[in-house]
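An overview of the molecular structure
Residues per chain are reported as follows:
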Amino acid sequence: MDLALSPFQQDPATSASGSGSGSATPTQGTPVACAGTAIGSAAAEHEGSDPQGDDPREQKLRFPDDAYTPQWVRGQGPHKEGLCSLCPSPGRWLQLKNSAFWYHKQFTHGISSISCVPFTLPRQTRI
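Residues numbered from 1 in each chain as written. Predicted model: local features only at pLDDT ≥ 70, side-chain atom pairs only at ≥ 80, totals over all residues. Heavy atoms only, no water.

1. Overview of the overall build of the protein chain
Counted only if it meets this: What counts as a helix is a DSSP run of H or I of at least four residues, what counts as a strand is a run of E of at least two, and both are numbered from the N terminus. For every residue, the accessible area (1.4 Å probe, protein chains only) is compared with the maximum for its type, and the residue is labelled buried under 20%, exposed over 50%, or partly exposed between those bounds. By definition in these notes, contact holds between two residues if any of their heavy atoms fall within 4.5 Å.
Within the protein chain, the regular secondary structure consists of two helices and four strands. When the helices and strands of the protein chain are read in sequence order from the N terminus, they spell out α-β-β-β-β-α. The buried share of the protein chain, reckoned over its 127 residues, is 25%. Sequence separation of at least 24 residues holds for 26% of the intrachain contacts in the protein chain that already meet a minimum separation of 6.

Okay, structure coming up:
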């Protein structure tokens, strides 16, 4: 059993307590959007699935060391987004349809969309 936190869980050691800002912090295990609002809190009131498909769902990776394919996705069709697991917590949602996710993984993190692994470092550099 994997005890690692999913991209939506808050680490109890790093969660803020008593900030006094009046905003509620989600409990451990609650899916959290980038803005810090609990995902599904409104959906919990309306039993059933989300008609927009905005609830984050886990997606299977193509192979075990796949660093490119988003493990978490939300939305459908042209509004489908993937969560960058390499960005600092809570991650960053990027659109898949307009290649924002592809550009981000390639140019920010150096992950190839072809091989799904990081680019190799250069053997030498010129100064």
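2. Overview of the packing of aromatic side chains
Definition in use: Any two of the Phe, Tyr and Trp rings considered here, Trp counted by its six-membered ring, make a pair once their centres fall within 6.5 Å; the pair's planes then place it as stacked at under 30 degrees, edge-to-face at over 60, or tilted in between.
For the coordinates displayed, the defined rule picks out four aromatic pairs. Pairing tryptophan 102 with phenylalanine 107 gives two aromatic rings, centres 6.1 Å apart and planes at 90 degrees, and the pair type is edge-to-face. When its relative accessible area of 27% is taken as the criterion, tryptophan 102 is described as partly exposed. The exposed category is assigned to phenylalanine 107, whose relative accessible area is 59%. Seen in terms of ring centroids, tyrosine 103 and phenylalanine 107 are 5.9 Å apart; in terms of plane orientation they differ by 20 degrees. Their pairing is stacked. You can see tyrosine 103 and its partner phenylalanine 107 sitting in helix H2 (residues 100-109), four residues apart, about one turn around the helix. One aromatic cluster is present, formed by Trp102, Tyr103 and Phe107 through successive ring pairs.

3. Topic: the side chain of histidine 104
Examined against the element boundaries, histidine 104 turns out to sit in helix H2. According to the relative accessible area criterion, histidine 104 is buried, its value standing at 6%. When near neighbours in sequence (up to four residues on either side) are disregarded, histidine 104 contacts Cys84, Cys87, Arg92, Leu94 and His109.

4. A word on the nonpolar core
The condition that has to hold: Only buried residues count toward a nonpolar core, which is a set of Ala, Val, Leu, Ile, Met, Phe, Trp, Tyr and Cys residues joined through side-chain atoms within 4.5 Å.
Counting residues in each nonpolar core, the largest one holds seven residues, listed as Tyr68, Cys84, Cys87, Leu94, Phe101, Ile111 and Cys116. Contact partners of phenylalanine 101, with chain neighbours within four places excluded, come to Tyr68, Pro70, Gly82, Leu83, Cys84, Leu94, Gln95 and Leu96.

5. A word on the sheet that holds strand E3 (residues 81-84)
Operational definition: Between any two strands, at least two bridges found by DSSP are needed for them to pair.
If you walk across this open sheet you meet the four strands as E1-E2-E3-E4, and the pairing is antiparallel. Looking at strand neighbours, the two that pair on one side only are strand E1 (57-58) and strand E4 (92-95), the edges of this open sheet. In this structure, E1 lies alongside strand E2 (residues 72-74), joined through two bridges in antiparallel fashion. From the neighbouring strand, glutamate 58 faces E2, where its bridge partner is tryptophan 72.

6. A word on the pattern of salt bridges
Between side chains of opposite charge, a pair can form as their charged atoms come close. This is how it is decided: Put simply, a salt bridge is a Lys or Arg side-chain nitrogen that is within 4 Å of an Asp or Glu carboxyl oxygen.
Inspection of the entire model under this criterion finds two salt bridges. A salt bridge links arginine 74 to glutamate 81; the shortest N-O distance between them is 2.6 Å. By the burial criterion, arginine 74 is buried, and glutamate 81 matches it.

7. A word on the environment of threonine 120
If you trace the backbone, threonine 120 turns up in the segment after H2. Residue classification places threonine 120 among the exposed residues on the basis of a relative accessible area of 73%. The spacing of threonine 120 and glycine 110 is 10 residues in sequence and 8.9 Å in space, taken between C-alpha atoms.

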